[in-house]
Structure formats: structure tokens, C-alpha cells
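Remarks on the overall topology
Below, each chain spelled out in residue letters.
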Amino acid sequence: MMPLVARAQNAVVADDTGSDDGIAETIRARDSQLHDEMKTRKSRRTTWMHELGLDVAFTYDALALGALGEDDGWGSSAGDATLNVRWQINADSSKAPFSLNMRARHRHAYSDLSPSELRRETCALWGYVDGFTDAGLEVPEVYFEDRLFDKRLTLRLGLMAIDDLLDSHRLRSAKRSFLNQAFSSSPGVGFPGAGMGLIARWEDRSGWDATLAVSNLESSNLDETAKWRLKSDALFEAVQLGYKFDGLAGKPARVQLMAWNADALPEAGLSSGRGANLTLEQKWGARGRSFLRYAWADGEAAATAHFAALGAALDFREADRLGVSVAGGKSSDEEGDRQGVLEIFYRRQIGTSLFITPDFQFVIGDGIGGGADWLLIGGVRVGFTF
């Protein structure tokens, strides 16, 4: 649930030069005149979008995910088509850029079972994947963003995923990094799904940042819904403090502490609750990155009462990535089930727009897999960026 610019960076969208080289080789073999014409049309389109201040990105991701227990097995698959649009209303060079941002998506299952439904089928505390539902067409974000005081103050108002700027880390992306919600979402926080909200973040030149956020509460972010009812009186509030510093071996690091409160939402089966989260990120070597997080919550607003996660990833070449992570948590209900997960993935970039990512998860814990207490999860994720 990141903004368009951050999504483009995580997706490693190729620059114009790389794309032109690939197109040129194909078209020169057929017709050099057609190649010149396409270059001209592309230049005009780019100029037209630049004059209007438009940034547009389209991605399509597909996932096949299977689960194997002691006696049972489950198979699932789904696709996700997402369109991100950012309209820079004033000049790009402005010291106070003001923009309108929109995200629309169509999520659809290829099989009778979508990957997100494996959580319910196997009695897991949180999902094996963030997203990849069968929800159909949704518009989870339409919001204004204003950046003031030399872009140190960020204000967002509108329909949004409020966890975009809260309790996040650089490896939190189910489309480009870890699939499991232990790493791509926040099982220890009672975040709402997409709702009407307000976020204010101040980033000080000394390395400190502070974020205040409030949103109406329509559903849980772990349920992956984006409803526009706007009828709920329940609210979610959070305050977060962060600090950037030189960590181990003088490499960049960041620590953040967040406190939150969520009202009860009986019609959605959500209890009230509050909690706190601590996250530490550390860069290591030339292309390595790691994170450590701990979360505590009371009540049943969050899936877990106690939760901890540790993960690391190493980038190769331009955009290949190897990631390993572990996590464990205790449920927030009276049963107090404990579950844990180990996940390993390797993301391979092919060309400028294609990503193929094999993923492996080993899940253990109370009641998992219909009583087997363990599951093997294997999947392949394919992503296209246009």
C-alpha cells in the first residue's frame, strides 16, 4: 500500500533508454521506418503527459500458491491488475508540490480458491500472502497530497490505505518481496482497510520524523477489502516517531516506534484494542538490507497479542533479490494459539518489465493445517510492469 513513486521504485521500472533499446532491436529487424514512427509517437505521448503533470503506472501480477499438510493439500491461484495515477497539479519543481493520487485494481481468482483464502482454510493466524483475493474491481485510494516547507511536511487527505506511512519497512511488498503477511503487512496492529483518513508527517533535517494519522474503520487490513460505505463511526488513530542514524559499520539505519488505538466495529466482527510496535531497519554491505520488529497489542483488534519478525534480503545485479525471514506470534483471543513461519524467496528480473519469483514457506503452530501443526507452502509469482 505504497504511493505511486515508491511503488515504481520497488518495482524497478526500467528507464526510457532501456525500453527503447529492447523495442529497437525487435522493430529494426522488421521495418526501420515503423521504428522511427513509434519513437515519434512515444515522444509525443511523453511530452503530453509531462505537460499535464501525469504519472501513470500499470502492473499485472499473478500468483500460484499451494499448501501441503500431513494429510491434506490445497491449491490456489489469482491475478492482480493495478493502475496507479498521480496528477501533479502544480509544477514539478515547486517547493510545495500538490498532487491528486488514485489507485484502482482488479483482483480475481483463477481457481476455486484464491491464495488469500488459504488462511481460513488452514486455520492460520495471518495470511500466507498479502492481497491476491477474488474481490473484483476496487478503488482503494483517491487522496490529495500536499508537501510543504521544502517537502519536510507531508499531508494526505482522502480515501487511502493508512498503513502506507505507518509501521512500514523497505521490504514490505507482497508483489516484490516477502509474500507472508508477517512481513508484508502488520498482524500485530489493528489497521483498517482502505478508509477516509488524514495523515501528517514531519521529517526533520536532523533525522527525526513524526507521523500522526486518523482514519475511519470499515474493515481490517488483513481481510484485504476496500469498501466505500463510509458509514462507520469507529476510528483508528496512531502516532509514530522515527529516527535515521548510522548503524553497524556506519551503514544507514532507522528505528521507529508506533502507538495505536482502534475502536470496536461489531458489524465487521472487530473488537477494540490498542498496542505498540518497534521496528529497526539496517542496511549492510552494498546491497543488503534487514529488519527487526516487535509488536504488542491488547484486545482482539489485532490478530496477535505478541508478535516478532526478523528478515533480510540481498540484491543481485540490477533487480534480482534473495530474501529470508522468520516470524512468530501469539493469538489475541482466549485460546492463545502460537504460530510461526519461515519464508525464503528469490526474485528474478527478466528484461525490463518481467519478474518471476519462486517462494517457499514453512509454517508451524497450534491448529495449523487442520491439526497437523505444520504446513509447507510453495508458490510462483509472476509480475509485469508497464
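Structure's up top.
Time to look at the overall build of the protein chain. Secondary structure assignment for the protein chain yields five helices and 16 strands. Out of the 386 residues in the protein chain, the part that is buried amounts to 47%. For the protein chain, restricting intrachain contacts to residue pairs at least 6 apart in sequence, the fraction spanning at least 24 positions comes to 60%.

Inspection of every chain in the model, using the stated rule, returns 14 aromatic pairs. Pairing Phe58 with Phe386 gives two aromatic rings, centres 5.7 Å apart and planes at 35 degrees, and the pair type is tilted. On the criterion of sequence distance, the pair formed by Phe58 in strand β1 (residues 54-68) and Phe386 in the segment after β16 (374-385) is long-range, its members being 328 residues apart. Ring geometry for Phe178 and Phe345: centres 4.9 Å apart, planes at 90 degrees, overall edge-to-face. Here the residue Phe178 occupies a position in the loop between β5 (153-160) and α5 (181-184), and Phe345 occupies one in strand β14 (residues 338-350), the gap between them amounting to 167 residues. For Phe178, a relative accessible area of 0% translates into the label buried. An aromatic cluster of three or more residues is present, and its members are Phe178, Phe183, Phe291 and Phe345. A cation sits over an aromatic face here: Arg176 above Phe355, 4.5 Å from the ring centre. Of note, Arg381 hangs over the ring of Phe345, and the distance from its end group to the ring centre comes to 6.0 Å.

About the thresholds
- Residues numbered from 1 in each chain as written.
- Predicted model: local features only at pLDDT ≥ 70, side-chain atom pairs only at ≥ 80, totals over all residues.
- Heavy atoms only, no water.
- Helix = DSSP H or I, 4+ residues; strand = E, 2+ residues; numbered from the N terminus.
- Buried < 20%, exposed > 50% of the residue type's maximum accessible area, 1.4 Å probe, protein only.
- Contact = heavy atoms within 4.5 Å.
- Phe/Tyr/Trp six-rings, centres within 6.5 Å; stacked < 30°, edge-to-face > 60°.
- Lys NZ or Arg CZ within 6 Å of the ring centre and 35° of its normal.

Worth remembering: the numbers are spatial, not functional.
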